[in-house]
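# Fold and contact review
Residues per chain are reported as follows:
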Amino acid sequence: MRCPNHLLIELEQLRRLKARRGYRGRFAPSPTGVLHFGNLQTALLSWLQARCSDGEWYLRIDDLDTPRNRPESLLRIQSDLRWLGLHWDGPPMLQSSRRGHYSSWLSFLRRSGVLFACRCSRRDLAGKPVYPGTCRAIEAGWGWQAQRLPSWRLRVPEHNPYGSGDVVVRRADGFIAYQFATVIDELCFGITDVVRGNDLRDALPAQLSIYAALGQSCPRFWHGPLLYDSEGQKLSKRDASTGLDAARSKGEDAAHVIGQLAAGLGLVPQGSRLSAEELLMEVRDSDALPLDS
Ligand code: GLU
């Protein structure tokens, strides 16, 4: 089935935009709480890489999973980034304002026959890292059954090089899956480079399969180190002691926090105090950012 004209025209315009503009990066937090130092470190790395490349840097708010959203975090994310001097280009982009857009893409894929309805529960798939194809050949039906909707999966060819299995693009609770929305957004905003935490490396095969299904080339992906608490647990947005309020209550200012984050990344000596712009001057041309592709 042919891709609808308005979607094709949009992709073509974006391809041209991307060719003209050079580097376009983004930071894409979920507004599920206050940014912790691990999130801030990722934001700093992403901002530094974009600005070192004389590129643009956008803020996207991944707020599709509404039950997990904390209304106050939308403004807090912005004020924390500004306080640190990590200024983004243009207005913040809210995924919740783009639901119609994701749905257009989903309808197109569904009508093209590359999606199938999957009735497997979480329990059915426990211990199976790759989806075993259970519902692929079954006419599982798209409507309610036993009070449940199906998830929608993208049929990924057997010989696909990414090893993702069939990818969920719409969840059984009706929410658009993160990996689908993020791919559509990177394409629609002409993002050339995605910098994010190492914990999202596992999401890469699914995303690469979606780019392939759409016949689009993917951005460059970079993954930065994670931060852990003293018990070796990944920091959590639900724990306020890991955010900027805790630092500010100890009297620490933005120069202190940037110095601390940059020292943790091995970019400056411990105890350095500097602004984000000063740090940018330090690392520009140094090829020092600790990012793995
Ligand atoms: N919204 C995702 C998160 O906060 C990150 C998405 C991304 O950078 O691709 O974990």
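This text follows the structure it describes.
Residues numbered from 1 in each chain as written. Predicted model: local features only at pLDDT ≥ 70, side-chain atom pairs only at ≥ 80, totals over all residues. Heavy atoms only, no water.

## Here we look at the side chain of Asn 160
- Relative to the helices and strands, Asn 160 is located in the loop between strand S5 (151-154) and strand S6 (167-170).
- Take Asn 160: its relative accessible area is 14%, and that puts it in the buried class.
- Polar contacts involving the side chain of Asn 160 include one to the side chain of Ser 209, which spans 3.0 Å. (Helix = DSSP H or I, 4+ residues; strand = E, 2+ residues; numbered from the N terminus. Buried < 20%, exposed > 50% of the residue type's maximum accessible area, 1.4 Å probe, protein only. Polar contact = N/O pair within 3.5 Å; in protein donor to acceptor, adjacent residues only side chain to side chain.)

## Quick notes on the nonpolar core
- In this structure, Leu 44, Leu 48, Leu 81, Leu 86 and Leu 279 are the most contacted members of the largest nonpolar core, which totals 38 residues.
- When contributions to this core are tallied by element, the ones reaching two or more residues are helix H2 (37-52), strand S2 (56-61), helix H3 (73-84), helix H8 (244-249), helix H9 (254-264) and helix H10 (276-283).
- Tallying contributions element by element places H2 first for this core, with eight residues.
- Ignoring sequence-local partners within four residues, the contact set of Leu 279 consists of Leu 44, Leu 48, Ile 258, Ala 262, Leu 267, Val 268 and Leu 274.
- Judged by nonpolar contacts, the second largest core, of 32 residues, contains Ile 176, Ile 191, Leu 204 and Tyr 211. (Core = buried A, V, L, I, M, F, W, Y, C linked by side-chain atoms within 4.5 Å. Contact = heavy atoms within 4.5 Å.)

## What to know about the state of the cysteines
- Scanning the model with the defined rule gives zero disulfides in all.
- Cys 118 takes part in no disulfide bond, and the closest cysteine sulfur, belonging to Cys 120, lies 3.8 Å away.
- Relative accessible area serves as the criterion here: at 2%, Cys 118 is assigned to the buried category.
- You can see Cys 218 has no disulfide; the closest cysteine sulfur is in Cys 188, sitting 15 Å from it. (Disulfide = S-S within 2.5 Å.)

## Quick notes on the pairing of strand S8 (residues 220-224)
- Sheet topology places strand S7 (residues 193-197) next to S8; five bridges connect them, and they run parallel. Opposite Val 194, over in S8, you have Phe 221 as the bridge partner.
- Handedness of the crossover is the feature at issue here: the chain leaves S7, passes through helix H7 (residues 204-214), returns alongside S8, and the resulting connection is right-handed. (Pairing = 2+ DSSP bridges. Right-handed = clockwise from strand over helix to strand, strands pointing away.)

## Here we look at the site of the ligand
- Close contacts around the ligand come from Arg 26, Ala 28, Pro 29, Ser 30, Asp 62, Tyr 178, Arg 196 and Leu 200, and that covers them all.
- In this structure, Ala 28 approaches the ligand through a main-chain N or O atom, which is 2.7 Å from a nitrogen atom.
- For the ligand, an oxygen atom lies 3.4 Å from a polar atom in the side chain of Arg 196.
- Contact with the protein chains removes 81% of the 300 Å² of surface that the ligand exposes when unbound.
- Considered class by class, the residues forming the shell around the ligand number four nonpolar, one polar and three charged. (Near = heavy atom within 4 Å. Areas by Shrake-Rupley, 256 points an atom, 1.4 Å probe, with all protein chains shown as cover. Nonpolar A, V, L, I, M, F, W, Y, C, P; charged D, E, K, R; others polar.)

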